[in-house]
Structures are given as structure tokens and as C-alpha cells.
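# Coordinates in review
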Amino acid sequence: RKIEEAARKLLSEPFDPETPWKEREEKPVVADGDVRFPTFTTSVGSSTDQRGQSAPPFYIEKMWKPTVADATNKVVVLDFWATWCGPCVAAIPHMNDIQNHYGNEVVCLGISDETSFDSQMLKRGLKKNDFAYGLAIDTSGRLKNFFGVRGIPHVAVLSGDWVVRWQGHPNSLNKDVLDSIVNANRALLAAASDDGSGPPPARWVEWLIDNRKP
């Protein structure tokens, strides 16, 4: 939609044959309607590569530390971790930085499958105030199994349409990666608004309600 404006701007720039040019490294992208999300070819670590796939419905047994009640339109960062995992605990400050930096556009949630989560948190000296993001428990490991996680910590990033966009170690989830996903997610929402289809469904609210059903 902006191609005419972009072409006019480029044509208005003066041409200097003495100025050296350089190639720009293009990132591979995948189209979602009119929106183009970045794709990544880095290793996903000890897990199944689900990038580009729709994730199954969200399921947890308990929200140990509440997060936002509605993750509609937001980028969701799922951190599969455990209290006994040293690298997982070491990554907490980085996850805090992500949540604090992106505010309402990103929702981080740590998910553990430990059956004795409360006592293990106490044993490790971890408190709710140590986390700037929500924590949940799912001893059945439903989402963890979908991602085929065999080693933790493992992070999965999902866009507002609940498609997996990135996977890997939390420390590899840097600003460049998240900025590209957040920007594409904004475009996704804008495109939905422009064509009248509206935003993606309020999945987070629905998931929490579904969790309470027998």
C-alpha cells in the first residue's frame, strides 16, 4: 500500500556515481496475508521445531503468579523452566528485562511441570517479587510436549494469532529478534483493522476460562 510513496522518496534522492554501494542482507520472511513475519534458521536447541505452526490451545493447571488477564493482540513469550535448573534461574533477569522493556505489547510467562513447585521455590529462595512476569504450573506438560522440549530452559515466542515465530534459549532472544516480531505483530493488528476483520480472538481470556472447566 505504501509502494508509491516509497518509490517517490527513492526517486527524489540524488545519485552520486562515486558513492560506493553495499548489499543489504535480507532476512527470509513468511507472509501472513498482507503481513510479513521474520523467519529464523537458528537452532531451536533440544526441542521440536514448531516455527511457523499454530500452537495448540493454552492449558495450565494453576497460575502461580498472575499475569495480565487478557493477552489479546500481544506477543507471548513462553519460558519452559524449573526451579532446580541452574541455567533457568540464571535467565530470570533477562526475562525480567524483556517484560519490563516491552510492557503491554509482550506477555512473558514461565511454565514449570514440577509437582512440588511451591516447596521448591521456597527451597531455592525464589520469591514472586523476583519475577516481573507471570508463572504457571502444568504437571501434565501439554504445551511442553507440543514443543517436544527435551532440555530447559526453552523459550517459544508466539504472535497475536498464536503462531510460533521463534524458539530457543532465552539468552538468545535478543532485542533485534523481538523487535522484528513485535513490529510484524503491530502490522498484523493494523491489517486486521484496515480490512474490517478485527483483531485476533481474546485467546488468553478464553484459555483461562477453559482451564476452569471440568
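Here the structure is a predicted model, which is why all the values come from computation and not from measurement.

### A few points about helix α3 (residues 92-102)
- Turning to α3, its buried residues number three or more, namely I92, M95, N96, I98, Q99 and Y102. Viewed along the axis of α3, the buried residues span an arc of 160 degrees, placing them on a single side of the element. Among the exposed residues of α3, those pointing more than 90 degrees away from its buried face are D97, N100 and H101.
- At the C-terminal side of α3, G103 shows a positive phi close to 55 degrees.

### A closer look at the side chain of D138
- Note on placement: D138 falls in the loop between β6 (134-137) and α5 (142-146).
- Buried and unpaired, D138 has no salt bridge, with R142 as the nearest side chain of opposite charge at 5.2 Å.
- Within polar-contact distance, the side chain of D138 engages the backbone nitrogen of R142 at 2.9 Å.
- Every residue in contact with D138, bar those within four places of it in the chain, is listed here: Y59, I60, E61, I111, S112, D113 and L143.

### What about the environment of K128?
- With respect to the helices and strands, the residue K128 is situated in the loop between α4 (117-123) and β6.
- Taking the C-alpha atoms as reference, K128 lies 6.7 Å from K65; in sequence the two are 63 residues apart.
- In this structure K128 touches W64 and K65, once residues within four positions along its chain are discounted.

### Regarding the pairing of strand β8 (residues 164-168)
- With respect to burial, β8 is a largely interior element, 5 of its 5 residues being buried.
- Sheet topology note: the strand β7 (residues 154-158)/β8 ladder contains 4 bridges and is antiparallel. In the sheet register, V157 faces β8, and the bridge partner there is W166.
- What sits between β7 and β8 in their antiparallel hairpin is a turn of 5 residues, with W162 showing a positive phi close to 65 degrees.

### Brief notes about the state of the cysteines
- Taken as a whole, this structure holds 1 disulfide when the rule is applied.
- Two residues share a disulfide in this structure: C85 and C88, whose sulfurs sit 2.4 Å from each other. When the S-S torsion is 75 degrees, as for the bridge of C85 with C88, the disulfide is right-handed.
- Looking at C88, the relative accessible area reads 1%, which means it is buried.

### Looking at the sheet that holds β7
- An order of β3-β6-β5-β4-β7-β8 is seen for the 6 strands of this open sheet, with the pairing classed as mixed. Two strands in the sheet have a free side with no partner beyond their single neighbour: β3 (62-65) and β8. Going from strand to strand, the sheet's axes swing by 25 degrees on average, the running direction of each strand aside.
- The pairing of strand β5 (residues 106-112) with β6 spans 4 bridges and is parallel. From the neighbouring strand, I111 faces β6, where its bridge partner is A136.

### Examining the pattern of salt bridges
- Within this structure, the stated rule accounts for 8 salt bridges.
- When the shortest N-O distance is used, the salt bridge between E105 and R186 registers 2.7 Å. Highlighted residues: E105 in the loop between α3 and β5 and R186 in helix α6 (residues 175-194), separated in sequence by 81 residues.
- Owing to a relative accessible area of 43%, R186 belongs among the partly exposed residues under this scheme.

Each value, and the rule that gives it
Residues numbered from 1 in each chain as written. Predicted model: local features only at pLDDT ≥ 70, side-chain atom pairs only at ≥ 80, totals over all residues. Heavy atoms only, no water. Buried < 20%, exposed > 50% of the residue type's maximum accessible area, 1.4 Å probe, protein only. Helix = DSSP H or I, 4+ residues; strand = E, 2+ residues; numbered from the N terminus. Arc of directions from axis to C-beta. Lys, Arg positive; Asp, Glu negative; His and termini not counted. Salt bridge = Lys/Arg side-chain N within 4 Å of Asp/Glu carboxyl O. Polar contact = N/O pair within 3.5 Å; in protein donor to acceptor, adjacent residues only side chain to side chain. Contact = heavy atoms within 4.5 Å. Pairing = 2+ DSSP bridges. Disulfide = S-S within 2.5 Å. Axes fitted to C-alpha atoms, helices over the stretch in contact; angles between N-to-C directions.

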